[in-house]
Amino acid sequence: MWLRMRFDIGWADVAFGVRSLGKRFDREALHQRIADCWPAPERMFTALSVRTAYDLMWKSLELPPGSEVLMSALTIPDMVRVVKHHQLVPVPVDLDLGSMAPDVDTLRRAITPATRAIVVAHLFGTHLALDPIVKIAKEHNLRIIEDCAQGFEGCRRDGHPGADVTMFSFGPIKTITAFGGGVFCVRDAELLARMQSLEKLYPVQSLWSYVKRFTKYSMLTAMACRPLCDVILTVSRAAGWDYDHWINTVARAFPGPRWLERLRYQPSGQLLAMLERRLRTCDTTAIAARAARGRRLAQAMPHGAMRPAGHIDEHTYWVFPILARDPKRVIAELAGAGFDATQGCSLRVIDPPEDRPELDPCVAREALAGMVFLPMGPAMPRRELERMGRVLGRLTDDLVMDPQAVDPSLVFPRIVLDLRSG
Ligand SMILES: *Cc1c(COP(=O)(O)O)cnc(C)c1O
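(A) The arrangement of the site of the ligand in detail. Every residue near the ligand is listed here: Ser-49, Val-50, Arg-51, Ile-76, Met-79, Asp-147, Ala-149, Gln-150, Ser-169 and Lys-174. At a separation of 2.7 Å, an oxygen atom of the ligand approaches a polar side-chain atom of Ser-169. In this structure, Lys-174 approaches the ligand through a side-chain N or O atom, which is 3.0 Å from an oxygen atom. Across the complex, the protein chains shield 94% of the 390 Å² of accessible surface that the ligand would expose by itself. Split into classes, the residues belonging to the shell around the ligand amount to four nonpolar, three polar and three charged.

Structure, rendered in structure tokens:
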């Protein structure tokens, strides 16, 4: 079985993590070394997670209660909960399927005198061209916050110069994970200073809390190794367990009702040491190789199959989604052929404020309902990617087709073949 769920970390990193447990670290020095990995160290802010720093950011911005925050309509639920916690109103902006970027016309229509900020997510490994959105933000004097949690491409790219804040996550399921940690590029020095001084008031994550997290994710990493994983998948399927649901629950970093309190810690020396190691030794060729696998898989797709964000050229394929009319059937067929595809993901659609039902993000909603994520791990050879493409080629009736991809030169021979065979 070719598995979709894997953690982007090596055994040498895990061994480093184990050795780090008995050590003491100079946390200030590690903060500096993490910042020094990026082009503008003086702007960087490192926290326990993206959500931790995001919470600190809204607190520091001190926007008037009831201010509206426009957000990419698809994101992880906590990003919305944090906004609401600060008495702000999250307003979804529906997405363009081809790019998964906020639709610019919808964005303009959603702006009101109460709008103060825009949060744009680069989803699935894309690098969106933000210029049009930055332009709108400047026209209306809005803060622009860029969510690159899924779009890390190496430390050399620290975000759009027009964004106030750019956020990178090194949480468990992210690129070059440190099993936790978030790094922000904050281009407003005053805002950065406020976030730093507020964070200093938090207790430091305890060694025990780090050990628990580290052990959990190290074990999950071991379970994602192929032979072991095959056994787990076979057993859980036979027993009727929902493996997908389970893995998504376990991989959620801060579950439970005390979610916000759990975020409000400074990172431990061990977490900072792991993050520093991961950033310092970050191998962008591995990210480039993933991007190349994604492009190969894109080529192997049945012609015209709709892929969310498939029109974006700058794409490192953190994940590879397609759209199905009948996701269950597509997943079952792929499983039968040895490919572990899934519908499970941590993204949710943001509901519009009650008095603005016209902003319901129906494109994002429908897309999420039909989304199937394909496996494309580093161990998968080209012929397996191509075989997966052929399996999907037999399922085109169950897939959503891209209206923009109707290329007559390719459709024509198919029609001829259909006529011959019919
Ligand atoms: C993972 C993720 C986050 C949160 O990152 P953490 O570091 O786990 O807090 C935020 N936004 C998006 C789009 C993500 O995928």
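(B) Molecular detail of a nonpolar patch on the surface. Side chains of Val-231, Val-235 and Trp-241 sit close together on the surface and give an oily, nonpolar patch of about 320 Å² of accessible area. Turning to its location among the elements, Trp-241 is positioned in the loop between helix H9 (226-238) and helix H10 (243-250).

(C) Just the packing of helix H1 (residues 11-20) against helix H8 (residues 207-223), in detail. Put simply, H1 and H8 touch, their axes get as near as 11 Å, and they point 155° apart. Relative to H8, the element H1 lies roughly antiparallel. Remark: the crossing between H1 and H8 carries left-handed chirality. Across from Trp-11, Val-14, Gly-17 and Val-18 in H1, the residues of H8 making contact are Phe-214, Ser-218, Thr-221 and Ala-222. Each residue belonging to the contact of H1 with H8 can be placed in one class, and the counts come to five nonpolar, three polar and no charged.

(D) A look at the packing of aromatic side chains. Evaluation of the coordinates by the stated rule reveals 12 aromatic pairs. Both rings, one in Phe-152 and one in Phe-170, keep their centres 5.2 Å apart while their planes meet at 80°; by these two values the pair is edge-to-face. Taken as a pair, Phe-152 in the loop between strand E8 (143-147) and strand E9 (165-169) and Phe-170 in the loop between E9 and strand E10 (182-186) lie far apart in primary sequence, 18 residues in all. Residue classification places Phe-170 among the buried residues on the basis of a relative accessible area of 0%.

(E) Representation of the side chain of Gln-150 within the structure. Turning to its location among the elements, Gln-150 is positioned in the loop between E8 and E9. Those residues within four positions of Gln-150 in sequence are excluded, and the remaining contacts are His-122, Leu-123, Phe-124, Gly-125, Lys-174, Trp-318 and Leu-347.

(F) Layout of the sheet that holds E9. Reading across the sheet, the seven strands line up as E1-E10-E9-E8-E7-E2-E4 and stay open at both edges, with mixed pairing between neighbours. At either margin of the open sheet sits one strand with a lone partner, and together these are strand E1 (44-47) and strand E4 (89-93). Sheet twist, expressed as the average angle between the axes of neighbouring strands with direction ignored, equals 20°. Two strands pair when backbone bridges link them, and E8 and E9 are joined in this way by three bridges, in the parallel orientation. Bridged to Ile-145 within E9 is Val-165. Contacting E1, strand E2 (68-72), strand E7 (115-121), E8, E9 and E10, helix H3 (residues 50-61) crosses the sheet at an angle of about 160° to E9.

(G) Representation of the pattern of salt bridges in the model. Taken as a whole and judged by the stated rule, the model has 22 salt bridges. For the salt bridge of Arg-143 with Asp-164, the shortest nitrogen-to-oxygen distance reads 3.4 Å. Within this pair, whereas Arg-143 is found in strand E8, its partner Asp-164 is found in the loop between E8 and E9, the two being separated by 21 residues in sequence. Looking at Asp-164, the relative accessible area reads 18%, which means it is buried. For Glu-386, the salt bridge goes to Arg-382, with nearest N and O atoms at 3.3 Å.

(H) Structural context of the environment of Met-79. Along the chain, Met-79 falls in helix H4 (residues 77-85). With 24 residues separating them in the primary sequence, Met-79 and Asp-55 have C-alpha atoms 8.8 Å apart. Setting aside residues no more than four positions away along its own chain, Met-79 makes contact with Val-50, Arg-51, Tyr-54, Met-71, Asp-147 and Met-167.

(I) Broad picture of helix H7 (residues 189-199). Burial in H7 covers these residues: Leu-191, Leu-192, Met-195 and Glu-199. In an axial view of H7, the angular spread of the buried residues amounts to 100°, which keeps them on one side of the axis. Looking at H7, the residues exposed on the side facing more than 90 degrees away from the buried face are Ala-189 and Glu-190. Buried positions along H7 lie against E1, H3, E8, E9 and E10. You can read the cap of H7 off the contacts: a side-chain oxygen lies 3.0 Å from the backbone nitrogen of Glu-190, and it is on Asp-188.

(J) Highlighting the confidence of the model for the protein chain. Residues with a pLDDT of 70 or more make up 89% of the protein chain, whose mean pLDDT is 90. Between residues 408-422, whose pLDDT stays under 50, and residues either more than four places distant or in other chains, the model counts four contacts.

(K) Main features of the packing of H3 against H4. At a closest axis distance of 10 Å, the pairing of H3 and H4 adopts a crossing angle of 20°. Taken together, the axes of H3 and H4 lie roughly parallel to each other. Considering the relative orientation of H3 and H4, their crossing is right-handed. Of the residues in H4, those touching H3 at Val-50, Arg-51, Tyr-54, Asp-55 and Trp-58 are Asp-78, Met-79, Val-82 and Val-83. Considering only residue class, the contact of H3 with H4 consists of six nonpolar, no polar and three charged.

Basis of the calculations
Residues numbered from 1 in each chain as written. Predicted model: local features only at pLDDT ≥ 70, side-chain atom pairs only at ≥ 80, totals over all residues. Heavy atoms only, no water. Near = heavy atom within 4 Å. Polar contact = N/O pair within 3.5 Å; in protein donor to acceptor, adjacent residues only side chain to side chain. Areas by Shrake-Rupley, 256 points an atom, 1.4 Å probe, with all protein chains shown as cover. Nonpolar A, V, L, I, M, F, W, Y, C, P; charged D, E, K, R; others polar. Patch = residues over 30% accessible without salt bridge, like charges linked within 9 Å, V, L, I, M, F, W, Y side chains within 5 Å. Salt bridge = Lys/Arg side-chain N within 4 Å of Asp/Glu carboxyl O. Helix = DSSP H or I, 4+ residues; strand = E, 2+ residues; numbered from the N terminus. Axes fitted to C-alpha atoms, helices over the stretch in contact; angles between N-to-C directions. Parallel < 35°, antiparallel > 145°, perpendicular 65-115°, else oblique. Left-handed = near helix turned anticlockwise from the far one by under 90°. Contact = heavy atoms within 4.5 Å. Phe/Tyr/Trp six-rings, centres within 6.5 Å; stacked < 30°, edge-to-face > 60°. Buried < 20%, exposed > 50% of the residue type's maximum accessible area, 1.4 Å probe, protein only. Pairing = 2+ DSSP bridges. Arc of directions from axis to C-beta. pLDDT = per-residue confidence, 0-100.

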